[in-house]
Amino acid sequence: MHRIFQNFIDALACAQNSADFSDAMATVASALELSCFAYLALPGGHERKPRLISTYPKEWTSRYIESRYELIDPVITRALQTVEPFQWGAGISSNQRSSIQQQLLDEAAQFGIRIGFTVPIHDGRGPMAALTFASRRGTPVFDNCVQSQSRVLQLMAMYFHAHVQRKLVKEPAIDGIRLSPREIECLEWAAQGKSAWEIGQILGLSRNTVAYYMENAKQKLGVRTIAQAVARLAAANKTKQN
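These numbers come from a predicted model, not from an experiment.

Asker: Could you give an account of the confidence of the model for the chain, naming the residues involved and the relevant values?
Answerer: Low-confidence regions, as indicated by low pLDDT, have predicted coordinates that should not be scrutinised in detail. Taken as a whole, the chain shows an average pLDDT of 89; of its residues, 93% reach a score of 70 or greater. Mean pLDDT across the elements of the chain bottoms out in strand S6 (residues 173-174) (76) and peaks in strand S1 (residues 36-41) (97).

Asker: Residues and numbers for helix H8 (residues 181-191), please.
Answerer: Listed in full, the buried residues belonging to H8 are Glu-183, Ile-184, Cys-186, Leu-187 and Ala-190. Buried residues in H8, looked at end-on, bunch into an arc of 165 degrees, giving them a common side. Phi for Gly-193, located one or two positions after H8, is positive at around 85 degrees.

Asker: Describe the packing of aromatic side chains, with residues and values.
Answerer: Taken as a whole and assessed by the stated rule, the structure comprises nine aromatic pairs. A ring pair is formed by Tyr-39 and Phe-160, whose centres lie 5.2 Å apart and whose planes are at 65 degrees; its orientation type is edge-to-face. Here Phe-160 lies in helix H7 (residues 150-168) and Tyr-39 lies in strand S1, a separation of 121 residues in the sequence. A residue is classified by how much of its surface remains accessible, and Phe-160, at 0% relative accessible area, is buried. Among the aromatic side chains, those forming a connected cluster through ring pairs are Phe-21, Phe-37, Tyr-39 and Phe-160.

Asker: How would you sum up empty space enclosed by the protein? Please name residues and give values.
Answerer: With the rule as written, the count across this model stands at one cavity of 30 Å³ or more. In this model, the largest cavity occupies a volume close to 240 Å³. Lining the largest cavity are 17 residues, and of these Ala-38, Tyr-56, Tyr-64, Asp-73 and Thr-132 lie nearest its centre. Here the residues of the lining of the largest cavity sort into 14 nonpolar, two polar and one charged.

Asker: Lay out the nonpolar core in plain terms, naming residues and giving numbers.
Answerer: Leu-34, Tyr-39, Phe-133, Leu-153 and Phe-160 are the most contacted members of the largest nonpolar core, which has 32 residues in total. Taken together, the elements giving at least two residues each to this core come down to helix H1 (2-14), helix H2 (18-31), S1, strand S4 (115-121), strand S5 (129-135), helix H6 (140-148) and H7. The greatest single-element share of this core, amounting to six residues, is contributed by H7. Apart from the residues lying within four places of it in its own chain, the contact partners of Leu-34 are Ala-29, Phe-133, Phe-142, Cys-145, Val-146 and Leu-153. The next biggest cluster of nonpolar side chains, apart from the first, holds 22 residues, and it includes Tyr-56, Ile-76, Phe-86 and Leu-105.

Asker: Please set out the side chain of Ser-22 residue by residue, giving values where relevant.
Answerer: Structurally, the position occupied by Ser-22 is in helix H2. What makes Ser-22 buried here is its relative accessible area of 14%. Setting aside residues up to four positions removed in sequence, Ser-22 forms contacts with Phe-37, Ile-53, Ser-54 and Thr-55.

Asker: Before we move on, could you go through the sheet that holds strand S2 (residues 51-54) and cite the residues and values that matter?
Answerer: In spatial order, the strands read S2-S1-S5-S4-S3; together these five strands make up an open sheet with antiparallel pairing. In this open sheet, the two strands that pair with only one neighbour each are S2 and strand S3 (86-89). On average, each strand axis in the sheet is inclined to that of its neighbour by 20 degrees, with strand direction left out of account. Bridge count for S4 against S5 is seven bridges, and the pairing is antiparallel. By the bridge assignment for S5, Phe-117 is matched with Phe-133. This element, helix H4 (residues 74-81), spans S1, S3, S4 and S5 of the sheet and lies at about 160 degrees to S3. Relative to the sheet, H6 contacts S3, S4 and S5, its axis offset from that of S4 by approximately 20 degrees.

Rules used in this analysis
- Residues numbered from 1 in each chain as written.
- Predicted model: local features only at pLDDT ≥ 70, side-chain atom pairs only at ≥ 80, totals over all residues.
- Heavy atoms only, no water.
- pLDDT = per-residue confidence, 0-100.
- Helix = DSSP H or I, 4+ residues; strand = E, 2+ residues; numbered from the N terminus.
- Buried < 20%, exposed > 50% of the residue type's maximum accessible area, 1.4 Å probe, protein only.
- Arc of directions from axis to C-beta.
- Phe/Tyr/Trp six-rings, centres within 6.5 Å; stacked < 30°, edge-to-face > 60°.
- 1 Å grid on protein atoms, 1.4 Å probe; cavity = no way out; pocket = protein on both sides within 12 Å on 5 of 7 lines; lining within 4 Å.
- Points joined across faces, edges and corners; volume = space filled by probe spheres on them.
- Nonpolar A, V, L, I, M, F, W, Y, C, P; charged D, E, K, R; others polar.
- Core = buried A, V, L, I, M, F, W, Y, C linked by side-chain atoms within 4.5 Å.
- Contact = heavy atoms within 4.5 Å.
- Pairing = 2+ DSSP bridges.
- Axes fitted to C-alpha atoms, helices over the stretch in contact; angles between N-to-C directions.

What follows is the structure in structure tokens.
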């Protein structure tokens, strides 16, 4: 297991695009006899679609993204509510599902995705992500791996997410200066006349956290006031539209 994990870490360090990351996780999943995987990061900031890296059938992943299934997926719903990994699928008890959620799972089953082990990822730096190892059916090898290696799989998911976020997620820029999605969000609401407290209520943050993001934005932009930072953002947006 140590060699498998080390090879995985080395592959992540060299990965430069989604295909590289997919290959890295697919290799380790194969070594552990886990048939397929899917990494889904919910959209944040200016992103409109979730980021999906997986070895699921392409026909299914395309349908999933186009239909915005992440909004009703019971696996994602559960991942939003817990930080602990969990198993799901045939033969595993679960909370009551709506008919539309059951329909989604039935569709997934048609593509060989019947059972899974999901690792929720809440890193505090952006929207939730989740990494799932799935299979057509339960097998002693699959069950033994997710039960005996659950913490290792959780650690691999965290490493995978961290590298993807660092290498693939581009932070918004104002005149070449990178701001985090939260910093941009706070400035956009400030531009509409919202106070730090009001922005906090909108984004589900404390007033102090909002003030922290806006102070960071001011320092990065080299300005003294929020009004100046907002003006820089407005000018940058106008330039993009022209």
